[in-house]
Amino acid sequence: MQFDVKPSTNPVPEAERTALIAQPSFGSVFTDHMVMIRHTAEGGWQTPLLTARAPIPMDPASSVLHYAQEIFEGMKAYRIADGSTVLFRPEANAARFRQSAARMAMPDLPPELFVRGVEELVRQDRAWIPTMPGGSLYLRPFMIATEAFLGVRPAREHLFMVIASPVGAYFSGKTEAVTLWVSQTYTRAARGGTGAAKCGGNYAAGLLAQAEATRNECQQVVFLDAAEGRWIEELGGMNVFFVRRDGSLITPPLGTILPGITRDSIMTLARDMGMSVTEQPYAFEQWRADAEGGEVVEAFACGTAATVAPIGRVKFEGGSFEMQSGATAGLVTETLRRALFDIQFGRVADQRGWVHRV
Ligand SMILES: *Cc1c(COP(=O)(O)O)cnc(C)c1O
């Protein structure tokens, strides 16, 4: 697997880069390079290219522009205590990318090629990793259907790419708790749909719900199931956990939700610490009753972009309730958040093979 490497002849000057990575807001600053691998039904995956980041010329009939054949991943490269650069469970992202591709009738990208593409970009743009606490290089691998064809069938030409963006903390205000909006108008996934695939279309369909949340002064939406409008699924881009008074955890089961790698890691860490974790349907009305009755004392959202975000307040049409932990992270949330960070930033030994050196 030989990468064709064509470094930028016009990279951002060092002083400018240093200023750009000092205070990055999420996803608005990009590094000097990108990875591109084209695929055709006849020729398979073509020679991978690492090149200067630039706009991509596209035919206006490209399938992705009309029928949304698009999938993506989100992962981070960290500079750890010993000065090396690491990825967190990139094989898990590669495996999920495969699942998403299969669901969207897109070609199968071998996991080694996915990981190698990400590694190549991280190596090339290592200097863009922010040095402030909690800073990282957010990586966005994605695939689009590029065939110029308006007929409705799986496309025969695709493009896989990786771009990178230096990021700080996702929510301003660090571990301050977020306020959530429970949407009773919109849903994100139904049985047989694309809820478990990381595809752009899910996000497009969730934007109005997110706008509804913003209008109600909430940072994120909680989606309920499409069939009964009763069971908690997840947030627009994060999974969710509830902490009972006895310290045990509940999280909604897989199926129509996105199988988060952070979700999986949190479950593993919690169980290794002796906490009980159950994946079970949990109704919104139950959450409200449990929060008000002191049975559920903490809740948090988790995902690569925001890591672990404590939930402080929950609003919905006609009311609201608060978590006992209030405006900060509760004890269990903080314990798990720290345990995850300690592994990701190399502050404790990695016993599970999660940390992948670049
Ligand atoms: C990416 C994503 C998550 C979180 O997944 P991680 O692997 O933990 O980053 C959760 N929900 C949705 C809808 C997502 O797209």
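The structure contained in this document is the topic of the report that follows. (Residues numbered from 1 in each chain as written. Predicted model: local features only at pLDDT ≥ 70, side-chain atom pairs only at ≥ 80, totals over all residues. Heavy atoms only, no water.)

1. Section: helix α4 (residues 111-124)
Thinking step 1. Between its first and last C-alpha atoms α4 spans 20 Å; for 14 residues at 1.5 Å apiece the expected length is 20 Å, and the two agree.
Thinking step 2. All buried positions along α4 are accounted for by Leu 113, Phe 114, Val 115, Gly 117, Val 118, Glu 119, Glu 120, Leu 121 and Val 122. (Helix = DSSP H or I, 4+ residues; strand = E, 2+ residues; numbered from the N terminus. Expected span 1.5 Å × (residues − 1). Buried < 20%, exposed > 50% of the residue type's maximum accessible area, 1.4 Å probe, protein only.)

2. Some remarks on the pairing of strand β11 (residues 220-224)
Thinking step 1. When you tally the buried positions in β11, you get five out of five residues, the bulk of the element.
Thinking step 2. Residues of β11 alternate between two faces, with Gln 220, Val 222 and Leu 224 on one and Val 221 and Phe 223 on the opposite face, all of them buried.
Thinking step 3. Direction of pairing for strand β10 (residues 178-182) relative to β11: parallel, over a ladder of three bridges. Along β11, the bridge assignment pairs Val 182 with Val 222.
Thinking step 4. Of the strand pairs in this sheet, β11 and strand β12 (residues 232-235) are connected by three bridges, and their pairing is antiparallel. Following the sheet pairing, Phe 223 is matched in β12 by Glu 234. (Pairing = 2+ DSSP bridges.)

3. Regarding the environment of Thr 187
Thinking step 1. With respect to the helices and strands, the residue Thr 187 is situated in the loop between β10 and α5 (200-215).
Thinking step 2. With a relative accessible area of 39%, Thr 187 lands in the partly exposed category.
Thinking step 3. Taking the C-alpha atoms as reference points, Thr 187 and Phe 341, 154 residues apart in sequence, are found 32 Å from one another.
Thinking step 4. Excluding anything up to four places from it in sequence, Thr 187 contacts Phe 223, Leu 224, Asp 225 and Ala 226. (Contact = heavy atoms within 4.5 Å.)

4. What about the packing of aromatic side chains?
Thinking step 1. Using the criterion set out here, one finds 15 aromatic pairs in the structure.
Thinking step 2. When the centroid spacing of 4.8 Å and the interplanar angle of 75° are considered together, the rings of Tyr 78 and Phe 345 count as edge-to-face. Note that Tyr 78 is positioned in strand β6 (residues 75-79) and Phe 345 in the loop between α8 (331-344) and β19 (355-357), a separation of 267 residues in sequence. Here Tyr 78 matches Phe 345 in class, with each residue buried.
Thinking step 3. Between Phe 316 and Phe 321, the ring centres sit 6.4 Å apart and the planes meet at 50°, which makes this aromatic pair tilted.
Thinking step 4. Pairwise contacts between aromatic rings join Phe 242, Tyr 282, Phe 284, Trp 287, Phe 316 and Phe 321 into one cluster.
Thinking step 5. One Lys or Arg, Arg 337, reaches over the ring of Phe 341 and ends 5.0 Å from the middle of that ring.
Thinking step 6. The aromatic ring of Trp 354 is capped on one face by Arg 352, whose charged end is 5.1 Å from the ring centroid. (Phe/Tyr/Trp six-rings, centres within 6.5 Å; stacked < 30°, edge-to-face > 60°. Lys NZ or Arg CZ within 6 Å of the ring centre and 35° of its normal.)

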